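Listed below, chain by chain, are the residues.
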Amino acid sequence: MKAKILAFFLLIRSLVRRHPSFPRKRESIDNTGFRVKHGMTRCTRHIVLLMVSLVIFFLLLSLPSAWAQPMIHGFAQADYSAKISGGDLLIGDERIQLRFNESLKETSFFIRADIFHDSIEETSSTDLREGFLDMRTPQIDLRIGRQIITWGIGDLIFINDTFPKNFEALFAGRPIEYLKKASDGARVNVSFDLLSFELVAIPFFEPDTLPTKERFALFDPFASTANRETIEPKPDIEDTEVAFRAYKNLLGLDLALYAYKGFYHAPSMKADSVTNPTIITSFFPRLGVYGASIQGSGLDGIISLEAGYYDSLDDRDGTDPTIPNPQTKFLLGYQRQIWEDFTVGLQYYLEYMHHHGEFVQSLPAGFPGQDRIRELITLRLTHLYLYQTLKLSLFAFYSPTDDDYYLIPEIRYNINDAMSVTGGFNIFDGKNAATFFGQFDKDDNIYTYVRYEF
Amino acid sequence: MEQKNRAYLFISLLLSLTFPSFVFALSSPLPDEIARRSQIALFYPGKDMKARIYMRLLSKDGKERIREMTMLRKNLQEGGEQRYYIYFYQPADVRDTTFMVYKYPKKDDDRWLFIPALNLVKRIAAADKNSSFVGSDFSYEDVSGRDIEDDSFELIKEELLGEADTYVLKAVPKDLRSANYGFKTSWIDKKSFLPIKEEYYDKRGALYKLFTAEEIKEIKNIPTIIKRTMKNLQTGQGTEAVFREIEYNVGLEDEIFTERFLKKPPEKWIK
């Protein structure tokens, strides 16, 4: 037991540096046009990798041989994706994920760590996806550490789920679990008969991972200015994100209320000068979100309703064009099994900008505008065949207001219990290159991954 | 006297020719009563139950897939509302996944699935109870039961099946769209009211699925099917389900069947 705890701390120590699942070497382009790398040297990475391997070896050795099933689970995976036009590789990734948990009565710890090789960047690294300590009393569950948190009832549409996400992983065709990024913080769940509460505190801000210019054709209003800097919220009490949820199941209906105070997870950009910018600063404006959701059976399927008010704390009157306007977001969903192994899901999403007049007035010339209302419609079709070992699915986003769309057709086959092969496409298109999906028009890609679970 | 007897015999004979089931009606329970008692014996024994279920899915070409889970069940009323909690050990890609069902009579179930890699609780549309359960030959209905009101029952005969004295009950869905079968014949043990064998006929009347209770044991004086198989005669695939570590009346708390325990399984019951 002692040895395992020691191993746990060693692993945490070796992984304490966060490695994004895309090993972004922090690059900037200096005046002469040369790329400057500020990343870890290959040597340091190898040392980290060696340490992790040793720790895992140590963990394996410390397992009592009497256990019938191994305590370590995980998978080995090879994942590739390439742009359809041009054939540039978006993902070339081989990885091993290891999951380990150990519990003593009502206390347990869990680790989910990836060791990967990126064959595009020719780098190897590790990524501690999750690592936390759980404690449970009759009323209270406490979880401290790096953890993935998911709230809300949308299907790939997030209103009250303000926790960090990796959209690049989704757009490039990684397995869906890589869409969610972990938060470093603490979560308390308190259960009463009448109502349950969840309180989350995240002192270490983690931004969304958005598609990077190195791999995606992004719309950038400051394309000609190369000098960039990013300012993130500080890891102190004042900048700690706080999220609260009260929830209850009442007569089969799932009801929830949400509140969040923290920051937008997608950066805003501002220039030191509008006419002749020399440096572009990315920053994360403060945000408060208040919302509610309800989900239950109806019309032979499941009906979902979710709404949230986005209180843009640094631009409540909507006059700063670099900061998002206050918005109300609304989602209506319906999911139904049409026949055996065939399910259809439909969602309607609406975003309402509260001070559209001010937004239009303050928008600098040449910057793309935005309508007061943005709508999205999504469709999910899932069909299972061959005793649920073959899965065909389609997820489609379409925005009637932006006139753009995003399609994800996918096929998965489970060769046996351990091995599966998945393939699919990410197809983007739009009338305008400045809309959310429209900007990725040239990034249509085909992806495949093979996974062996153990 | 003799005349009276002869008249009685004549009437019985006439009745049994026109209504074959009338012959048993005097001595046997009514078909609906057999169906009800069989449902209680199969899906409602004890106030609650805990079992580790080991399923082997065998394809025609001999490939084997494994589903292993712990199932917790609690009855709110006998023959009425139930709660199910299932934790998966195997296959590896669904390990730690949990599944919860609120089962209601005369109404669609509420179902929730928890996907640990996304920390996501997902509600599952449950309109079709004939869907395969985890890719096996058992349907959701085979696992948690079908509303008695959805079928009409007829007692065809009583016969010895092996050593068991059985009622042979025919069930026909009142609404043909509500079931995959056109009709079902069950051999129900007269003592335990557990089905020993069930034949499923498709809507054209061809036998396509066969259920067999391979092994029955008494656990806390409750006769329990320890090993059961469902064979699909059309695809050649079959599923064998073995129940281990079965316990009844363990005192499962109501709160186990909530989101809190769906997200983090109860250590006391799931190991």
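Think of each chain on its own: its residues are numbered from 1, step by step along the sequence as written. Lettering for chains starts from A, numbering for ligands starts from 1, and both go in the order in which the items are written. Where local features are concerned, this predicted model is filtered to residues with pLDDT of at least 70; where side-chain atom pairs are given and counted, the filter is 80 or more; whole-chain, interface and lining totals use all residues. Only hydrogens and water are removed before side-chain values are computed, so all heavy atoms of the structure are retained for them.

Q: I keep staring at the interface of chain A and chain B and nothing clicks. Help me out?
A: One frequently used descriptor of interface size is the decrease in accessible area upon assembly of the parts. Residue contacts are counted whenever heavy atoms from the two residues lie within 4.5 Å of one another. At the interface, 51 residues of chain A touch 48 residues of chain B. Summed over both partners, the accessible area (1.4 Å probe) lost when two parts come together is defined as the buried area. Taken together, the two surfaces of chain A and chain B that pack against each other cover about 3800 Å², and 40% of this comes from carbon and sulfur. When residues of chain A are sorted by the area they lose upon contact with chain B, Arg136(A), Tyr387(A) and Asp417(A) head the list and together hold 21% of the total. The term salt bridge refers to a pairing of a side-chain nitrogen on Lys or Arg with a carboxyl oxygen on Asp or Glu at a separation within 4 Å. Summed over the shared surface of chain A and chain B, the result is 5 salt bridges. For Asp254(A), the salt bridge is made with Arg123(B), and the minimal N-O distance between the two is 2.6 Å. Any pair of nitrogen or oxygen atoms within 3.5 Å is treated as a polar contact; in protein, a donor-acceptor pairing is required on top of that, and neighbouring residues in sequence qualify only through side-chain atoms on both sides. At the surface where chain A touches chain B, the tally comes to 26 residue pairs in polar contact (both at pLDDT 80 or more). Counting residues per element, the side of chain A that touches chain B draws most heavily on strand S17 (residues 327-339) of chain A, which supplies 4 residues. Throughout this entry, Asp, Glu, Lys and Arg are counted as charged residues, while Ala, Val, Leu, Ile, Met, Phe, Trp, Tyr, Cys and Pro are counted as nonpolar. The remaining residues, Gly among them, count as polar. Residues belonging to the side of chain A that touches chain B are distributed by class as follows: 12 nonpolar, 19 polar and 20 charged. Working definition: helices are DSSP H or I runs of at least four residues, strands are E runs of at least two. Numbering for both runs from the N terminus.

Q: Help me understand the pairing of strand S1 (residues 48-58) of chain B in this model?
A: Side-chain positions along a regular strand alternate between the two faces of the sheet. Residues and elements named next belong to chain B. Throughout this description, buried means an accessible area under 20% of the type-specific maximum (1.4 Å probe, protein chains only), exposed means over 50%, and partly exposed covers the range between. Across the 11 residues that make up S1, a large majority, 8, are buried. Pairing of S1 with strand S2 (residues 64-75) involves 11 bridges; the strand directions are antiparallel. Looking at S2, one finds that Asp 48 is bridged to Lys 74. In textbook terms, the turn of a hairpin is the stretch between consecutive antiparallel strands, and for S1 and S2 this stretch comprises 5 residues, one of which, Gly 62, has a positive phi near 85°. Here, a strand pair is defined by DSSP locating no fewer than two bridges between the strands.

Q: Looking at this model, I keep getting lost on the pairing of strand S8 (residues 183-191) of chain A. Mind explaining?
A: Residues and elements named next belong to chain A. Inspection of the sheet shows strand S7 (residues 140-147) paired to S8 by 8 bridges, in the antiparallel sense. Opposite Gln 147, over in S8, you have Ser 183 as the bridge partner. Direction of pairing for S8 relative to strand S9 (residues 196-204): antiparallel, over a ladder of 7 bridges. Paired with Asn 189 across the two strands is Glu 198, which belongs to S9.

Q: What's the story with the environment of Ile280(A) in this structure? I'm lost.
A: Residues and elements named next belong to chain A. Inspection of the secondary structure assignment puts Ile 280 in strand S14 (residues 280-283). Using a relative accessible area of 0% as the deciding quantity, one classes Ile 280 as buried. Spatially, the C-alpha atom of Ile 280 lies 33 Å from that of Tyr 447, the residues being 167 residues apart in sequence. Dropping the residues within four chain positions of it, Ile 280 is found in contact with Phe 222, Thr 225, Asn 227, Arg 228, Glu 229, Met 269, Lys 270 and Ala 271.

Q: What exactly am I supposed to notice about the environment of Lys105(A) here?
A: Residue and element names in this part refer to chain A. Position of Lys 105 relative to the elements: it lies in the loop between strand S4 (89-104) and strand S5 (107-118). For Lys 105, a relative accessible area of 71% translates into the label exposed. Sequence-wise, Lys 105 and Asp 193 are 88 residues apart; in three dimensions their C-alpha atoms are separated by 24 Å.

Q: Explanation requested: the confidence of the model for chain A in the structure shown.
A: The predicted structure's coordinates, where accompanied by low pLDDT, should not be read in detail. Taken over all residues, the pLDDT of chain A has a mean of 85, while the share at 70 or more is 85%. Per-residue confidence from the predictor is given as pLDDT, running between 0 and 100. Across residues 1-43 of chain A, where pLDDT falls below 50, the model places 79 contacts with residues more than four positions away in sequence or in other chains.

Q: What should I look at first to understand the sheet that holds strand S13 (residues 268-271) of chain A in this one?
A: Hydrogen bonds along the backbone pair up the strands of a sheet, which may run parallel or antiparallel. Residue and element names in this part refer to chain A. Ordered by their spatial adjacency, 3 strands build an open sheet running S10-S14-S13, and the pairing between neighbours is mixed. Among the strands making up the open sheet, the edge pair consists of strand S10 (228-231) and S13. Along the sheet, successive strands turn relative to each other by an average axial angle of 25°, direction set aside. One ladder, built from 4 bridges, connects S10 with S14; its direction is parallel. Opposite Arg 228, over in S14, you have Ile 280 as the bridge partner. Whenever a helix is involved, its axis is fitted only over the stretch in contact; in every case the axis is a line through C-alpha atoms, and angles between N-to-C directions fall within 0 to 180 degrees.

Q: It is not clear to me how the packing of aromatic side chains should be interpreted in this structure. Could you clarify?
A: Aromatic ring pairs are described here by two measures, namely the spacing of the ring centres and the angle between the planes. Residues and elements named next belong to chain A. Stacked, edge-to-face and tilted labels apply to pairs of Phe, Tyr and Trp rings (six-membered ring for Trp) whose centres lie within 6.5 Å, assigned for plane angles under 30 degrees, over 60, and everything in between, in that order. Throughout the structure, instances matching the rule amount to 31 aromatic pairs over all chains. Between Phe 397 and Phe 437 the ring centres are 5.2 Å apart and the planes differ by 40°, which places this aromatic pair in the tilted class. Taken together, the residues span a long stretch of sequence, with Phe 397 in strand S20 (residues 390-399) and Phe 437 in the loop between strand S22 (419-430) and strand S23 (445-453) at a distance of 40 residues. Of the two residues, Phe 397 and Phe 437, both sit in the buried class. Within the aromatic cluster, the residues linked to one another by ring pairs are Phe 167, Phe 171, Phe 216, Phe 395, Phe 397, Tyr 406, Phe 428, Phe 436, Phe 437 and Phe 440. The ring centre of Tyr 247 lies 4.0 Å from the NZ or CZ of Arg 245, which sits over that ring. By definition, being over a ring means that NZ of Lys or CZ of Arg is both within 6 Å of the ring centre and within 35 degrees of the ring normal. Geometry around Tyr 310 places Lys 329 over its ring, the cationic atom sitting 3.9 Å from the centre.

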